[in-house]
Amino acid sequence: MNGNIIVSYKILCDSDLNMNVTLQELLLNEKVSKAIKSEFAKGLRNIELNTDAKEEFFRVETTKELYTFEVSKDDFADILVLAEEDATSRKLFKKDCSRVELVDIETLI
């Protein structure tokens, strides 16, 4: 195959945060509901927070830097290994940060 692939990846650590919070859970939290009421309904009484989208969620996650490298299309089967090697050569692995997550694979023509 002719051409190259640009691979984007990020380094994962044991202390990374990655969780989903539903909109309903968020509105049931007393601190959050008080903050919303004080910001949008200041001075009003008997205010109730409701939503129709109870299954909508927010993602709370650790912000990560993306790293990229370019390989031949022939190396597609080895992309994960090549990403780990690239991270090792750049000295990106630190204590408790020893995994790679592939984020994007873009084909160049």
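Residues numbered from 1 in each chain as written. Predicted model: local features only at pLDDT ≥ 70, side-chain atom pairs only at ≥ 80, totals over all residues. Heavy atoms only, no water.

1. Brief notes about the overall build of the protein chain
(1) Moving on: If you tally the helices and strands in the protein chain, you get 3 helices and 5 strands.
(2) Moving on: Beginning at the N terminus, the succession of helices and strands in the protein chain can be written as β-β-α-α-β-β-α-β.
(3) Moving on: By the compact-globule yardstick of 13 Å for 109 residues, the protein chain is too spread out, its C-alpha radius of gyration being 22 Å.
(4) Moving on: Overall, the C-alpha framework of the protein chain stretches about 65 × 35 × 20 Å when taken along its three principal axes.
(5) Moving on: Among the 109 residues that make up the protein chain, the fraction classed as buried is 23%.
(6) Moving on: Contacts in the protein chain between residues far apart in sequence, at least 24 positions, make up 80% of those at least 6 positions apart. (Helix = DSSP H or I, 4+ residues; strand = E, 2+ residues; numbered from the N terminus. Rg over C-alpha atoms; globule rule 2.2 N^0.38 Å. Buried < 20%, exposed > 50% of the residue type's maximum accessible area, 1.4 Å probe, protein only. Contact = heavy atoms within 4.5 Å.)

2. Details of the sheet that holds strand β4 (residues 67-72)
(1) Moving on: Ordered by their spatial adjacency, 3 strands build an open sheet running β4-β1-β5, and the pairing between neighbours is antiparallel. Taken across any chain shown, the strands that pair with only one partner, and hence form the sheet edges, are β4 and β5 (99-108). Strand-to-strand twist in this sheet, taken as the mean axis angle between neighbours without regard to direction, amounts to 30 degrees.
(2) Moving on: Of the strand pairs in this sheet, strand β1 (residues 4-12) and β4 are connected by 6 bridges, and their pairing is antiparallel. (Pairing = 2+ DSSP bridges. Axes fitted to C-alpha atoms, helices over the stretch in contact; angles between N-to-C directions.)

Honestly, that's just the spatial picture; any functional story needs more than this.
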